[in-house]
Amino acid sequence: IVGMGTKNSAANLPAPKEAVDAAASAMKNAKTGYGSSAGMEEFRQAIAKREGCDAENVVVGPGSKHLIFALLSVLCKKGNAVSFPSPHWPAYALACRQLGLRPAIVNTKLQERWQFDALAQDAKVSIICNPLNPTSTIYDNAVLARTISSAHGRGAQIILDEAYRGIAFRKIPKYGCIRVRSFSKEFNMENWRLGYLVAPGEIAEKVVSFNQITATC
């Protein structure tokens, strides 16, 4: 049974035993020291195998929220527009405010199953949460493919927030854009603060540099 109370919004499900045992073993065996700001090589190789990409395209960070903030920081300049469908996760607008970016929100309707037709054409970056928090909507494949193609054609970027991908009830394609994933929902590891992104090499390198001055020492 999943607890749905408001006192603690986290699910009352345990983290995978394999993850707990591996973490305990690493601490017991003193596997410490400074590592890469991209994440452990072995970990990134495993993620790359899962995602069907090269390890150079994978960056690990302290949660997907940090990685989305990192991407907005390295891809945008103050005053740029960032578009996303609404309803939306409040962190998107808050990150934009913190960075001096302009949210270009595209409102959607319940009667249309919260689907969108297009995002703001002047956006430097667009964020699409798929499946969507808070409505659980899975966006139409053709619309997503068209939106990604249109953005890339004008030199813009699409960030797919796939925090809920692993618990979706139907298969979601691996789209050709920046994708951010979290261990919180799929693996019940909320307080581990662990996430990763898959991105072109040039963008991945910029996020690694961002990690170096924010999340590692």
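Up top is the structure these notes are about.
Throughout, a residue's number is its position along its own chain's written sequence, starting from 1. Local features in a predicted model are, by the rule used here, given only for residues with pLDDT of at least 70; side-chain atom pairs are given and counted only at 80 or more, and totals for whole chains, interfaces and linings are based on all residues. Note that water and hydrogens are dropped before the side-chain values are worked out from all heavy atoms of the structure.

Student: How should the overall build of the protein chain be read in this particular structure?
Tutor: Check the secondary structure of the protein chain and you find six helices and seven strands. Ordered by position in the sequence, the α and β elements of the protein chain form the string α-α-β-α-β-α-β-β-α-β-β-β-α. As defined in this context, the radius of gyration uses C-alpha atoms, and a globule is described by 2.2 Å times the residue total to the power 0.38. Against the 2.2 N^0.38 benchmark of 17 Å for 217 residues, the protein chain shows a C-alpha radius of gyration of 18 Å, consistent with a compact globule. Projecting the C-alpha coordinates of the protein chain onto the three principal axes gives extents of approximately 50 × 40 × 30 Å. Here the protein chain holds 217 residues, and 42% of them are scored as buried. Two residues form a contact once any of their heavy atoms are found within 4.5 Å. In the protein chain, once contacts between residues fewer than 6 apart in sequence are set aside, the share between residues at least 24 apart is 59%. Calculation of accessible area relied on Shrake-Rupley with a 1.4 Å probe; when residues are assessed, cover is drawn exclusively from the protein chains displayed. For the protein chain, the accessible area works out to roughly 12,200 Å², and carbon and sulfur atoms hold 55% of it. Put simply, DSSP H or I for four residues or longer makes a helix, DSSP E for two residues or longer makes a strand, and each gets a number counted from the N terminus. Whether a residue is buried, partly exposed or exposed follows from its accessible area with a 1.4 Å probe, protein chains only, as a fraction of its type maximum: under 20%, in between, or over 50%, in that order.

Student: How do you make sense of the sheet that holds strand β1 (residues 58–61) when you look at a structure like this?
Tutor: In a beta sheet, neighbouring strands are held together by backbone hydrogen bonds and run either parallel or antiparallel to one another. Here the rule is simple: two strands pair whenever DSSP picks up at least two bridges between them. Strand order in the open sheet made by the seven strands is β1-β7-β6-β5-β4-β2-β3, with mixed pairing throughout. Edge positions in the open sheet fall to β1 and β3 (102–107), since each of these has one partner strand only. Sheet twist, expressed as the average angle between the axes of neighbouring strands with direction ignored, equals 20 degrees. The pairing of strand β2 (residues 81–86) with strand β4 (residues 123–129) spans three bridges and is parallel. From the neighbouring strand, V82 faces β4, where its bridge partner is V125. Working convention: axes come from line fits to C-alpha atoms, limited for helices to the stretch in contact. Angles between N-to-C directions cover 0 to 180 degrees. Of the strands in this sheet, β1, β2, β4, β5 (157–161), β6 (178–182) and β7 (195–198) touch helix α3 (residues 64–75), which is tilted by about 155 degrees from β6.

Student: How should I be thinking about the pairing of β7 in this particular structure?
Tutor: In β7, alternate side chains face the same way, and those of G195 and L197 on one face and Y196 and V198 on the other are all buried. Bridge count for β1 against β7 is four bridges, and the pairing is antiparallel. Note on β7: the bridge partner recorded for G61 is G195.

Student: Explanation requested: the nonpolar core in the structure shown.
Tutor: The nonpolar side chains of a soluble globular protein tend to be buried with one another. Counting 46 residues, the largest nonpolar core has L71, L72, V82, I127, I128, I159 and L197 as the members making the most contacts within it. Contributions of two or more residues to this core are made by α3, β2, α4 (90–99), β4, α5 (141–153), β5, β6 and α6 (201–214). Of the residues forming this core, the biggest block, six residues, is contributed by α3. Beyond its immediate sequence surroundings of up to four residues, L72 is in contact with V82, A95, L99, L101, V125, I127 and I159. Throughout this description, the term nonpolar core refers to a set of buried Ala, Val, Leu, Ile, Met, Phe, Trp, Tyr and Cys residues connected via side-chain atoms within 4.5 Å. Membership of the second largest hydrophobic core comes to twelve residues, among which are I47, A48, V60 and L194.

Student: Explanation requested: the pattern of salt bridges in the structure shown.
Tutor: Close approach of charged atoms lets side chains of opposite charge pair. For salt bridges, the criterion is a side-chain nitrogen of Lys or Arg within 4 Å of an Asp or Glu carboxyl oxygen. A full pass over the atoms with the stated rule returns ten salt bridges. Salt-bridge contacts for E41 lead to R44; the nearest nitrogen and oxygen are separated by 3.0 Å. In this pair, E41 and R44 are both assigned in helix α2 (residues 41–51), three residues apart and thus about one turn of the helix distant. With its nearest N and O atoms 2.9 Å apart, the salt bridge here joins R179 to E162. Of this pair, R179 sits in strand β6 while E162 sits in the loop between β5 and β6, and the two are 17 residues apart along the sequence. Each member of the pair R179 and E162 is classed as buried. Several salt bridges share partner residues, and in doing so they unite R50, E51, E162, R165, R179, R181 and E186 into one network.

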